[in-house]
Amino acid sequence: MSKLYLYTVFHGSLQYSAIPEKDYEIILDRGFWQILKMSSDIGVKLGFELTSWTLRLLQELDPLFVKELKSAWQKKKCEIVGSSYSQTIFPLIPAEVNKYGMEI
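So, here's what we can say about the structure. Computed from a predicted model, the values in this text were never measured in an experiment.

A few words on unusual backbone geometry. Of note, the phi angle at lysine 76 is positive, near 60°, even though the residue is not glycine. Along the chain, the position of lysine 76 falls in the loop between helix 3 (63-74) and strand 3 (78-81).

What follows is the structure, encoded as structure tokens:
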């Protein structure tokens, strides 16, 4: 019987206008930390897709989270899926703006 391989990626962007800034800490504690913990607890490699903007904010809010995320990635317990600086719909904005967002 062949093995079943599953993979999932969690999209983590705090840039949505519907998320009030006062809720960032809650999302970090109840969402991001729980996903990272789950990755270690169940032994399944999970993916995190994070914008650079969100990563910078996470570093300000909770440097330990970014440190643990980096450690989990180095131990191959999770994957980091790169993204541009901000959450954009690439076909709807000029190519030079997309390029600059990816360079950041």
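Structure shown, so let's carry the discussion forward.
Before going further, it helps to examine the packing of helix 1 (residues 24-42) against helix 3. Close contact between helix 1 and helix 3 brings their axes to 10 Å; oriented N to C, the two are set at 20°. Judged by the angle between their axes, helix 1 and helix 3 are roughly parallel. The element helix 1 and its partner helix 3 pack so that their crossing is left-handed. Here helix 1 contributes Leu28, Phe32, Trp33 and Leu36 to the contact with helix 3, which in turn contributes Leu64, Phe65, Glu68, Leu69 and Ala72.

Here we come to the sheet that holds strand 3. Taken in spatial order, the three strands make up an open sheet running 1-2-3, and their pairing is parallel. What marks the edges here is a single partner per strand, and that holds for strand 1 (9-12) and strand 3. Each adjacent strand pair in this sheet contributes to an overall mean axis angle of 25°, direction not counted. Sheet topology places strand 1 next to strand 2 (residues 46-50); four bridges connect them, and they run parallel.

Turning our eyes to something else, we now look at the pattern of salt bridges. Under the criterion given, the structure shown has two salt bridges. Between lysine 22 and aspartate 23 there is a salt bridge, and its shortest N-O distance comes to 3.3 Å. Between glutamate 79 and lysine 45 there is a salt bridge, with its nearest N and O atoms 3.2 Å apart. Residue glutamate 79 is found in strand 3, and its partner lysine 45 is found in the loop between helix 1 and strand 2; the two are separated by 34 residues along the sequence. When its relative accessible area of 28% is taken as the criterion, glutamate 79 is described as partly exposed. Residue class for lysine 45 comes out partly exposed when judged on its relative accessible area of 30%.

The rules we used
Residues numbered from 1 in each chain as written. Predicted model: local features only at pLDDT ≥ 70, side-chain atom pairs only at ≥ 80, totals over all residues. Heavy atoms only, no water. Helix = DSSP H or I, 4+ residues; strand = E, 2+ residues; numbered from the N terminus. Axes fitted to C-alpha atoms, helices over the stretch in contact; angles between N-to-C directions. Parallel < 35°, antiparallel > 145°, perpendicular 65-115°, else oblique. Left-handed = near helix turned anticlockwise from the far one by under 90°. Contact = heavy atoms within 4.5 Å. Pairing = 2+ DSSP bridges. Salt bridge = Lys/Arg side-chain N within 4 Å of Asp/Glu carboxyl O. Buried < 20%, exposed > 50% of the residue type's maximum accessible area, 1.4 Å probe, protein only.

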